[in-house]
Amino acid sequence: MTNCFAACSDRRARSYSTPVSTLRLGVNIDHVATVRQARYATMPESKNVEPDPVTIASICERAGAHGITAHLRADRRHMQDRDVERLRENVITKLNLEMGNTAEIVDFALRIVPDEVCLVPEKREEITTEGGLDLVAHARQLSPTVKRLHSAGIRVSMFLDPVPAQIDVAADFGAEIVELHTGKLANAFTERFAKQELERLQEAAVHAFNFNLQVNAGHGINYHNIARIHEIPHLTELNIGHSIVARAVFIGFEAAVREMLALMEDYRG
Ligand code: PXP
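Figured I'd write up the structure that's included with this text. Within any chain, residue numbers begin from 1 and follow the written order of that chain's sequence. Owing to the predicted nature of the model, reporting of local features is limited to residues with pLDDT of at least 70; listing and counting of side-chain atom pairs is limited to 80 or more, with chain, interface and lining totals taken over all residues. Only hydrogens and water are removed before side-chain values are computed, so all heavy atoms of the structure are retained for them.

## What about the pattern of salt bridges?
Here, a salt bridge means any Lys or Arg side-chain nitrogen found within 4 Å of an Asp or Glu carboxyl oxygen. For the structure shown, the criterion picks out 19 salt bridges. With a shortest N-O distance of 2.9 Å, Arg86 and Asp52 are connected by a salt bridge. Here the residue Arg86 occupies a position in helix H4 (residues 81–90), and Asp52 occupies one in the loop between helix H2 (30–40) and helix H3 (53–62), the gap between them amounting to 34 residues. Look at Asp52 and you get partly exposed, because its relative accessible area is 24%. Within the structure, one salt-bridge network assembled from shared partners comprises Arg24, Lys94, Glu116, Arg155 and Glu237. Starting at the N terminus, helices and strands are each numbered in turn, a helix being any DSSP run of H or I of at least four residues and a strand any DSSP run of E of at least two. Any residue under 20% of the maximum accessible area for its type is buried, any over 50% is exposed, and the rest in between are partly exposed; the area is computed with a 1.4 Å probe on protein chains only.

## Comments concerning the site of the ligand
When we say a residue is near a molecule or strand, we mean one of its heavy atoms is within 4 Å of it. The environment of the ligand is formed by 13 residues, the closest being Thr129, Glu179, Gly220, Gly241 and His242. Polar contact is defined as a pair of N or O atoms within 3.5 Å, subject to the rule that within protein one atom must be able to donate a hydrogen and the other to accept it, and that residues adjacent in sequence are counted only when both atoms are side-chain atoms. Here an oxygen atom of the ligand and a backbone polar atom of Gly220 are 2.8 Å apart. Lining residues are those with an atom within 4 Å of a point, where the points come from a 1 Å grid over the protein atoms alone and group into cavities, where a 1.4 Å probe fits but cannot get out, or pockets, open sets with protein on both sides within 12 Å along at least five of seven lines. A cavity or pocket is said to hold a molecule if more than half of that molecule's atoms lie within 2 Å of its grid points. With respect to the detected pockets, the ligand is housed in the largest pocket. A breakdown of the residues in the shell around the ligand according to their chemical character gives three nonpolar, eight polar and two charged. Throughout, the ten residues Ala, Val, Leu, Ile, Met, Phe, Trp, Tyr, Cys and Pro are labelled nonpolar, Asp, Glu, Lys and Arg are labelled charged, and all others, Gly among them, are labelled polar.

## Structural notes on helix H7 (residues 164–173)
For H7, the complete set of buried residues consists of Gln166, Ile167, Val169, Ala170 and Phe173. The arc that holds every buried residue of H7, seen down its axis, measures 160°, which confines them to one face. We call two residues in contact when some of their heavy atoms are within 4.5 Å. Turning to H7, the residues buried within the fold contact helix H6 (135–151), strand E5 (155–160), strand E6 (177–181) and helix H9 (191–210). Directions from the helix axis toward the C-beta atoms define the arc.

## With respect to the sheet that holds E6
Two orientations exist for strands paired in a sheet by backbone hydrogen bonds: parallel and antiparallel. In this description, strands pair whenever DSSP reports at least two bridges between them. Pairing is parallel in the closed barrel, where eight strands are placed in the order E1-E2-E3-E4-E5-E6-E7-E8. The sheet shows a mean angle of 25° between the axes of neighbouring strands, taken without regard to direction. In this structure, E6 lies alongside strand E7 (residues 214–218), joined through five bridges in parallel fashion. Opposite Ile177, over in E7, you have Gln214 as the bridge partner. Here, axes are lines fitted to C-alpha atoms. For helices the fit covers the stretch in contact, and angles between N-to-C directions go from 0 to 180 degrees.

Right, here's the structure in full:
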C-alpha cells in the first residue's frame, strides 16, 4: 500500500492554500463530541464543557471541507440533540445527518431538516457502524422513512455494503445517494483480501452510477489507505471521521482537513 504521507507533506510545502479537489470531503465530527462526553456527559451545564463540535465544524469548513457529518445515535453516546440543532444553524456548507431508522430519530430529522440524511444500521453494542444497511431485508420499514424524508426536501443517502442487489433496492426507493462501506477494504489484513474488496467496491460504484445514483464512500478511510480509494470510480464524496480527528490531535483540525484534501486532490474518478 502506498504511503501518501510524503506526497502530502510535499504538497503542503509548496502551498498552504486550500487544495482543489473534485472529490468532496464530508468531515464526521462525532468524536469531538466523544471527547467532550468522556468528561462532561453527566455535567452538560458545566461552564467548563469542551470541546465544542460546532466550533470544530466551522474550522473544518474554513479549511475547505465540503460538508459536515454527524451521527445522532439512539444512545446519544457522542452527538446530543442540541449539537445537531446548533450544527443545523451554523453549518454553511452542507449538513449530513447519519441516523438509524427509528421513529424518534426520524421525527428529529424532520424537525431540523438537514441537507442530507444517511440511513445507517445501528446496534447498541457496536463501537461504530459495523456493516451496511440490509435494504433487501428491511425494505418495508425503510421505504416509508425515505418517503417522509423526501417530502421534507431532504436528500437521502443509504449506507450499503458493495452488493449490487442492495443498490437495486436503493434505486427503487428513489434514494439520491449510496454511500459504499469501505470498512473491509480499510481494515484488510492481506493484499489478497484488499484486492477482492476493492473489486467489489469498483463493481458496486459502476452499478450505482448506472442508476444515476450519487456514489459516496466512507468508513475507515485514513491518510494511508486513501490511495486505494482513488481506484474506486465515480465517487463524489468521502465521509471521513476517526482518522481526521486523530490527526487533528497532533496538528489541529485546519491542517488535518487540508492534508486530507491534498490527498484527495488528484482523484480521477
Ligand atoms: N460513513 C458512515 C455511514 C459512518 O457510519 C461512519 C462512522 O460514523 C463514517 C462514514 C466515518 O467513518 P470513520 O470514522 O471510520 O472515518
